[in-house]
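Breakdown of the fold
Each chain is listed here by its residues.
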Amino acid sequence: MADKEKESKVAVIDDQVRAEEAEQLCLWAAARAGVIVVAPLIGPMSLIANAIYMIIRLGRVYGEKISEQAAIGFLGSLGGYFLVSTLATLFPFPPLQIPVAIGTTYALGRVVAEWLKAGKPKNLSAFKTVYDEAMESVKHNMDLFKKNPKKDVPLGDEKKKYDL
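For the structure given in this document, a descriptive report is provided here. Since the structure is predicted, the reported quantities are computational estimates derived from the model, not experimental observations.

1. Some words on the overall build of the protein chain
The number of helices and strands found in the protein chain is seven helices and zero strands. For the protein chain, the succession of helices and strands along the chain, N to C, is α-α-α-α-α-α-α. Counting every position in the protein chain, which comprises 164 residues, the buried fraction comes to 43%. Partitioning the intrachain contacts of the protein chain with sequence separation of at least 6 by distance along the chain shows that 76% fall at a separation of at least 24.

Rendered as structure tokens:
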């Protein structure tokens, strides 16, 4: 087998491993969001911390160093999607809070993974479809998130406060 062919097969395997690792991280972060969103007083702030840690860790999966400030900037660049959904979790009604937190976090993770794979383009509008498809997937697979064995394991310091 030629060296280029071997390299090509290795690259495909590496891409598949990264994609699977990114998916597992998104599932974990979304499952965790469903747990922390109902925590009195700290739920919304913990959701933001959870999202930031997910973004940073997804960066590691794809060999990118993403700082906390860059992760916050990414969240800010999404504008309405993440912030409006996070505001919806302020209403103390778990049947609303949990699916919104899970869906928003999973969709955010999928967008970040695709953004990283695409080389971190400045224009995020191309990723709206990724976000919408991920949200739709969550609607049909809610039990997958609620039963995730890692849902009680924090991705990082959930008490840390971030300004968006």
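On we go.
2. Quick notes on the packing of helix α5 (residues 94-117) against helix α6 (residues 128-140)
Axis separation between α5 and α6 bottoms out at 8 Å; the angle between their running directions is 140°. With respect to each other, α5 and α6 are oriented oblique. Seen along the crossing, α5 lies across α6 with a hand that is right-handed. Residues Ile102, Gly103, Thr104, Tyr106, Ala107, Leu108, Arg110, Val111 and Glu114 of α5 touch α6, and the partners they reach there are Val130, Tyr131, Ala134, Met135 and Val138. For the contact of α5 with α6, a count of residues per class yields 10 nonpolar, two polar and two charged.

3. A short note on the packing of aromatic side chains
All told, the structure shown has two aromatic pairs when counted by the stated rule. Their ring planes at 50° and their centres at 4.6 Å tell us that Phe74 and Trp115 sit as a pair that is tilted. With a gap of 41 residues between them, Phe74 in helix α3 (residues 68-78) and Trp115 in helix α5 connect regions that are remote in the sequence. Each ring, one from Tyr106 and one from Phe145, has its centre 5.2 Å from the other, and the planes form 70°; the classification is edge-to-face. Of this pair, Tyr106 sits in helix α5 while Phe145 sits in helix α7 (residues 142-146), and the two are 39 residues apart along the sequence. Note on Tyr106: relative accessible area 7%, which makes it buried. Its end group placed over the ring of Trp28, Lys150 keeps NZ or CZ at 4.4 Å from the ring centre.

4. Side note on the side chain of Asn50
Structurally, the position occupied by Asn50 is in helix α2 (residues 43-61). Look at Asn50 and you get buried, because its relative accessible area is 1%. Those residues in contact with Asn50 that lie beyond four places of it in its chain are Ala29, Arg32, Ala33, Ile36, Thr105 and Leu155.

5. So, the pattern of salt bridges
According to the stated counting rule, one finds nine salt bridges in the structure shown. Notably, a salt bridge pairs Glu136 with Lys139, separated by 3.7 Å at the nearest N-O pair. Of this pair, Glu136 and Lys139 both sit in helix α6, three residues apart, which is roughly one turn of that helix. The exposure class of Lys139 is exposed, given its relative accessible area of 61%. Where salt bridges share partners, they join Glu23, Arg110, Glu114 and Lys117 into one cluster.

6. Quick word on a nonpolar patch on the surface
On the surface, a cluster of nonpolar side chains totalling about 320 Å² of accessible area is made up of Phe91, Phe93 and Leu96. Looking at the element boundaries, Phe93 is found in the loop between α4 (80-88) and α5. Given the relative accessible area of 49%, Phe93 is considered partly exposed.

About the criteria used
Residues numbered from 1 in each chain as written. Predicted model: local features only at pLDDT ≥ 70, side-chain atom pairs only at ≥ 80, totals over all residues. Heavy atoms only, no water. Helix = DSSP H or I, 4+ residues; strand = E, 2+ residues; numbered from the N terminus. Buried < 20%, exposed > 50% of the residue type's maximum accessible area, 1.4 Å probe, protein only. Contact = heavy atoms within 4.5 Å. Axes fitted to C-alpha atoms, helices over the stretch in contact; angles between N-to-C directions. Parallel < 35°, antiparallel > 145°, perpendicular 65-115°, else oblique. Left-handed = near helix turned anticlockwise from the far one by under 90°. Nonpolar A, V, L, I, M, F, W, Y, C, P; charged D, E, K, R; others polar. Phe/Tyr/Trp six-rings, centres within 6.5 Å; stacked < 30°, edge-to-face > 60°. Lys NZ or Arg CZ within 6 Å of the ring centre and 35° of its normal. Salt bridge = Lys/Arg side-chain N within 4 Å of Asp/Glu carboxyl O. Patch = residues over 30% accessible without salt bridge, like charges linked within 9 Å, V, L, I, M, F, W, Y side chains within 5 Å. Areas by Shrake-Rupley, 256 points an atom, 1.4 Å probe, with all protein chains shown as cover.

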